[in-house]
Amino acid sequence: MGALKLFNTTDAVSRSVLHMDLDAFFVSVECLRDRRLSGRPLIIGGRSDRGVVAACSYEARTFGVHSAMPVKLALQLCPDALIISGDMEAYSRFSGMVTEIIRESAPMFEKASIDEFYLDLTGMDRFFGCYQWASELRHRIMKETHLPISMGLSINKLVSKVATGEAKPNGQAQVVKGEERSFLAPLSVRKIPMIGKKTADFLYEMGITRVNTLCEMPVEMLEAALGKNGRILWNRAHGIDNSPVVPYVERKSISTETTFENDTIDVKKLRSVISGMTEKLAFLLRKENKLTACISVKIRYSDFETVSRQSRLSYTSSDRVLIGRALDLFDKLYSKRLMIRLVGVRLSELAYGSYQISLFDDTEEEIRLNDAMDRMRIKYGASVLTRASSIFADPATQHADTQELYKSF
Amino acid sequence: MKFIVSSSQLLKHLNYINGVITTNPVVPILENFLFEIEKDSLTVIASDLNMSMITELEIDCNETGSIAVPAKILIETLRNLPDQPITVSIDLDTYSLEISSDNGRFRLACENALDFPKVPEVSNASSINISTEALANAITNTIFATSSDELRPAMTGVFMKLSETNTTFVSTDGHRMVRYRRVDVASDEESSIIIPRKALNMLKNSLPAENTNVNIEFNPSHAFFRFDKIRLICRLIDERYPDYENVIPLDNNNLVVIRKSDLLSSLKRISIYANKSTNQVRFKITGSELQISAEDLDFSNEANERLSCMHDGEDIEIGFNAKLLIELLNNLQSAEISIKLSEPNRAALIIPKEMGDNEDILTLAMPVMISSR
């Protein structure tokens, strides 16, 4: 038995994982930028008829508004709500500030999304209590950025995330080791990450509303009902989650898409929108000192049929090359004479590097012009200037709901 | 029809021209060698429609006729046969060829020679003579820098420009360029052609070791190379070659002189630490020191080295693709090289210090834009 003690297995698996989540992040940032907004029902999302709610304040939530809901519906629920179209750049700047503070303090962290972090604090309780340390970090973030943030501490990512959810808004919680099951048991199944509306409805039909009920079911029965996910769900209900905190997730692609207020067939306008979106992505690429080797263009017709096409390139970040290729792809793609609802551009296969200047295609003037344009964009914001060809042909579409998506997978 | 030939002799000649044959030709007949027998001479032709190569060897025969023989089977048979005189019998009625050897008999199904495309003639041609040594040097110095981008056909070949005083060979892939000039080859009339890379590769591999003369005849559409018993005829790339003289900077006054082997081995080490897909390295030249560095942010790898050099000019930081630079340096045969720079976003000239008697070599590399950190 003495030998076994050396490899104290229970100790090896006993981790301390902290989950931190900025409360109503986009809303908090907007309130910071304009004090008058705080305390009011706020909706961040597209202003157009087809916009969806990207985020909303707690005040708006009391009216039943939630994210991913059409803005139109949200306004019916809460007619006094203020709609803000949102400023991705500002959000990522604030997110960066928080990330920096965490990077400075934490031994290992994972940025799960723009407003969510997992920190692996395993081993730190030997020096000072993990909870004490985490609590100090949380207060430091709030003091330095003035953004409200909630946190949950437990032995794994799953339970910590649920704990954060329970602590919100602006709170903190700890689930002591061994208490995971009793913590989860009384909660609604909806609280478990991965159970969306669909799965929840399915479980309700089976008479399962509390996590406790889920726990007591035989795992085989869940597997029979939900397939492979059944076992994962059962594990989660028991508070079992072995997924590690992954230190750094590289962004594998950047993309953007635009949904038109009214479906359009105007090729000139479509080309101009695509050119503008590509220009924006190319700037983002250069700002992060990256190059792309693959570009794809997507269109969704008014009947929701979605088609996309991609093309390989030699590593580049040049506006001229990328816009040219995007328009080529669009011309090949747009074969039906049907109205278009949405267009998207995506750059993937990213690699660190700077643009290789070409002997014959780039003139010195062009290189200097692009360089000067980028400097201005860095100083005054990405939308400060653009190519004339990228200015939307129809001013009405300027309100089109453009969303940038950052994907890591 | 029958003839006797040495198996190794035949194989040697077929090997010269075998590279012309592509694995999946447009017309199936091009998977064959065309054998043309005329008394004591056997002419073998391989073609891919864009180029044809012809070799001649002496045989023992007193008849005349031609047949198309499957290249792959024939070459493999000869490769695996010990050196010996073999008897080849051809039956023109059934289109078959039979090889009789000490080891046994091999029968190949052949095809009608009439189906084999005609080798084009070069009419109204200009003609120059060049030594095999000069031609081989010109090819090795330029061919590596050609582009593989089929969308820009002009750059997939080597540009050859004849003038009254010299002949210039140019290759570029849009990011680097080589200009190789020889003063011992000239022509009374000015003309220029773009020779496809494949033809030059085939030439390079079949040029004899001993220095002889290569005769080149060309018109705007075709070029015809002739040496020893080998002839090569190729279609030229009918495109406008980029204006290369215009991109050669004249005012690069920031001069660095450095030992080529030092720079090359340093680059090879540093590039291990650069991003594998972009291969970018950074040169920082301060005083008489060249610092080369690279980092791969994905893996947090980084490296830097300091080399001493002769430097005359302002301090400068400039980025390059190490892979392109290594290839460029590998092909320069000089102990020392000079690098002439102007600005971080303008072309760098790399020139060997020592060159052959009749040679003038100039190479050029475009930098990558580096962020000033």
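Residues numbered from 1 in each chain as written. Chains lettered and ligands numbered in written order. Predicted model: local features only at pLDDT ≥ 70, side-chain atom pairs only at ≥ 80, totals over all residues. Heavy atoms only, no water.

Tell me about the overall build of chain A, and name the residues and values.
When its secondary structure is counted, chain A shows 16 helices and 13 strands. The buried share of chain A, reckoned over its 409 residues, is 46%. Long-range pairs, those at least 24 residues apart, make up 66% of the contacts in chain A between residues at least 6 apart in sequence. (Helix = DSSP H or I, 4+ residues; strand = E, 2+ residues; numbered from the N terminus. Buried < 20%, exposed > 50% of the residue type's maximum accessible area, 1.4 Å probe, protein only. Contact = heavy atoms within 4.5 Å.)

Residues and numbers for the pairing of strand β5 (residues 109–113) of chain A, please.
The side chains of a regular strand alternate between the sheet's two faces. Residues and elements named next belong to chain A. Alignment of β5 against strand β6 (residues 116–120), held across four bridges, turns out to be antiparallel. When the bridges of β6 are listed, K111 appears paired with F117. If you look at the hairpin formed by β5 and β6, you'll find two residues sitting between the two strands. (Pairing = 2+ DSSP bridges.)

Describe the interface of chain A and chain B, with residues and values.
Contacts between the two partners involve 19 residues from chain A and, on the opposite side, 30 residues from chain B. Around 2,000 Å² of area is buried between chain A and chain B when both sides are counted, 58% of it from carbon and sulfur atoms. Considering only the side of chain A, the residues that lose the most area to chain B are Q356, L359 and F360 of chain A, jointly responsible for 36% of the buried surface there. Linking chain A with chain B are three salt bridges. In this structure, D361 of chain A engages R152 of chain B in a salt bridge whose closest nitrogen and oxygen atoms are separated by 2.8 Å. For the pair chain A and chain B, the interface holds 13 residue pairs in polar contact (both at pLDDT 80 or more). Elements represented by at least two residues in the side of chain A that touches chain B include exactly β12 (340–352) and α16 (364–380) of chain A. (Buried area = accessible area lost by both parts, 1.4 Å probe. Salt bridge = Lys/Arg side-chain N within 4 Å of Asp/Glu carboxyl O. Polar contact = N/O pair within 3.5 Å; in protein donor to acceptor, adjacent residues only side chain to side chain.)

Explain the packing of helix α1 (residues 7–18) of chain B against helix α2 (residues 71–79) of chain B to me, using residue names and the numbers behind them.
All names here are of chain B. Where α1 contacts α2, the two axes come as close as 10 Å, and the packing angle between them is 135°. Here α1 is positioned oblique relative to α2, judged by the angle of their axes. Read as a crossing pair, α1 and α2 show a hand that is left-handed. Of the residues in α2, those touching α1 at S7, L10, L11, L14, N15 and N18 are A71, L74, I75, L78 and R79. Each residue belonging to the contact of α1 with α2 can be placed in one class, and the counts come to seven nonpolar, three polar and one charged. (Axes fitted to C-alpha atoms, helices over the stretch in contact; angles between N-to-C directions. Parallel < 35°, antiparallel > 145°, perpendicular 65-115°, else oblique. Left-handed = near helix turned anticlockwise from the far one by under 90°. Nonpolar A, V, L, I, M, F, W, Y, C, P; charged D, E, K, R; others polar.)

Tell me what's going on with the side chain of E180 of chain A, and back it up with residues and numbers.
All names here are of chain A. Mapped onto the elements of the fold, E180 is located in helix α9 (residues 180–184). One buried charged residue, E180, forms no salt bridge at all, with the nearest opposite charge on K177 at 7.7 Å. From its side chain, E180 meets the backbone nitrogen of G178 in a polar contact 3.1 Å long. Once residues within four sequence positions are removed from consideration, E180 is found in contact with I155, V159 and V175. (Lys, Arg positive; Asp, Glu negative; His and termini not counted.)

Describe the sheet that holds strand β7 (residues 96–100) of chain B, with residues and values.
Residue and element names in this part refer to chain B. Spatially, four strands are ordered β1-β6-β7-β8 in an open sheet, and the strand pairing comes out antiparallel. Each having just a single partner strand, β1 (2–6) and β8 (105–109) make up the two edges of the open sheet. Between one strand and the next, the sheet's axes are offset by a mean angle of 20°, whatever the strand orientation. Note: β1 against strand β6 (residues 85–91), five bridges, orientation antiparallel. Bridging across to β6, K2 finds its partner in S89. On top of the sheet, α1 reaches β1 and β6; it is set at about 85° to β1, its chief contact.

Requested: an account of the packing of aromatic side chains, with residues and values cited.
Scanning all chains against the criterion turns up ten aromatic pairs over all chains. Ring geometry for F169 of chain B and Y180 of chain B: centres 6.3 Å apart, planes at 55°, overall tilted. Here Y180 of chain B lies in strand β12 (residues 176–182) and F169 of chain B lies in strand β11 (residues 167–172), a separation of eleven residues in the sequence. Y180 of chain B carries the same exposure label as F169 of chain B, and that label is buried. Here the aromatic cluster, defined as three or more aromatic residues joined through ring pairs, consists of F25, F26 and Y91 of chain A. One residue, K157 of chain A, lies across the ring of Y118 of chain A, its end atom 4.8 Å from the ring centre. Looking at K290 of chain A, its charged tip hangs above the ring of Y352 of chain A, at a distance of 5.1 Å from the centre. (Phe/Tyr/Trp six-rings, centres within 6.5 Å; stacked < 30°, edge-to-face > 60°. Lys NZ or Arg CZ within 6 Å of the ring centre and 35° of its normal.)

Residues and numbers for the packing of helix α6 (residues 88–105) of chain A against helix α7 (residues 130–145) of chain A, please.
Residues and elements named next belong to chain A. Relative orientation of the contacting elements α6 and α7 amounts to 145°, with a least axis distance of 10 Å. Between α6 and α7 lies a crossing of right-handed hand. Residue-level inspection shows M97, V98, I101, I102, E104 and S105 of α6 in contact with α7, the latter providing W133, L137, R140, I141, E144 and T145.

I'd love a proper account of a nonpolar patch on the surface, names of residues and values included.
A cluster of nonpolar residues, F63, L73 and L77 of chain A, forms a patch on the protein surface that exposes about 250 Å² of accessible area. Within the secondary structure, F63 of chain A sits in the loop between α4 (58–61) and α5 (71–77). (Patch = residues over 30% accessible without salt bridge, like charges linked within 9 Å, V, L, I, M, F, W, Y side chains within 5 Å. Areas by Shrake-Rupley, 256 points an atom, 1.4 Å probe, with all protein chains shown as cover.)

Before we move on, can you summarise the pairing of strand β23 (residues 336–341) of chain B with the specific residues and values?
All names here are of chain B. Relative to β23, strand β17 (residues 254–259) is paired through six bridges, and the arrangement is antiparallel. If you follow L255 over to β23, its bridge partner there is K340. Judged from the four bridges that link them, β23 and strand β24 (residues 348–352) form a sheet pairing that is antiparallel. Paired with I339 across the two strands is I350, which belongs to β24. Hairpin connection of β23 to β24: six residues between the antiparallel strands.

So what's going on with the pattern of salt bridges? Residues and values would help.
Residue and element names in this part refer to chain A. Applying the stated criterion across every chain yields a total of 46 salt bridges over all chains. Of the charged contacts, one joins K168 and D21 as a salt bridge, the two residues approaching to 3.3 Å between their closest N and O atoms. In this pair, K168 sits in the loop between α8 (157–167) and β8 (172–174) while D21 sits in strand β1 (residues 17–22), placing the two residues 147 residues apart along the sequence. The class of K168 is partly exposed, set by a relative accessible area of 24%. Between D23 and K168 there is a salt bridge, and its shortest N-O distance comes to 2.9 Å. Note that D23 is positioned in the loop between β1 and α3 (25–33) and K168 in the loop between α8 and β8, a separation of 145 residues in sequence. Judged by relative accessible area, D23 falls into the buried class, the value being 2%. Here the salt bridges do not stand alone but share partners, grouping E279, R286, D319, D374, R377 and R387 into one network.

Break down unusual backbone geometry for me, with residues and values.
Of note, the amide linkage connecting K168 of chain A to P169 of chain A takes the cis form, showing an omega dihedral of -10°. For P169 of chain A, the position within the fold is in the loop between α8 and β8. At L49 of chain B, a position not held by glycine, the phi torsion is positive, near 75°.

How would you sum up α16 of chain A? Please name residues and give values.
Residues and elements named next belong to chain A. Between its terminal C-alpha atoms α16 stretches 24 Å, which fits the 24 Å expected from 17 residues at 1.5 Å a residue. Every buried residue of α16 is listed here: E366, I367, M373, D374 and R377. What you see down the axis of α16 is that its buried residues fit within an arc of 130°, all on one side. Seen from the open side of α16, the exposed residues pointing more than 90 degrees away from its buried face are E365, R375, K379 and Y380. Residues of α16 that are buried make contact with α14 (267–287) and α15 (319–333). Where α16 terminates, the next one or two residues include G381, which has phi positive at roughly 110°. (Expected span 1.5 Å × (residues − 1). Arc of directions from axis to C-beta.)

With reference to specific residues and values, describe the sheet that holds strand β20 (residues 301–308) of chain B.
Residue and element names in this part refer to chain B. Judged by pairing direction, the sheet is antiparallel, and its four strands sit side by side in the order β20-β19-β18-β22 without closing on themselves. This sheet does not close on itself; its edge strands, each paired only once, are β20 and β22 (316–321). Across this sheet, the average inter-strand angle for adjacent strands is 20°, counted without regard to direction. Two strands pair when backbone bridges link them, and strand β19 (residues 289–296) and β20 are joined in this way by eight bridges, in the antiparallel orientation. Residue pairing for β20: D296 is matched across the bridge by N301. Strand contacts of helix α6 (residues 260–271): β18 (280–286), β19 and β20, with the helix running at about 170° to β20, the strand carrying the most contacts. Lying on the sheet, helix α7 (residues 322–330) is in contact with β18 and β22; it crosses β22 at an angle near 85°.

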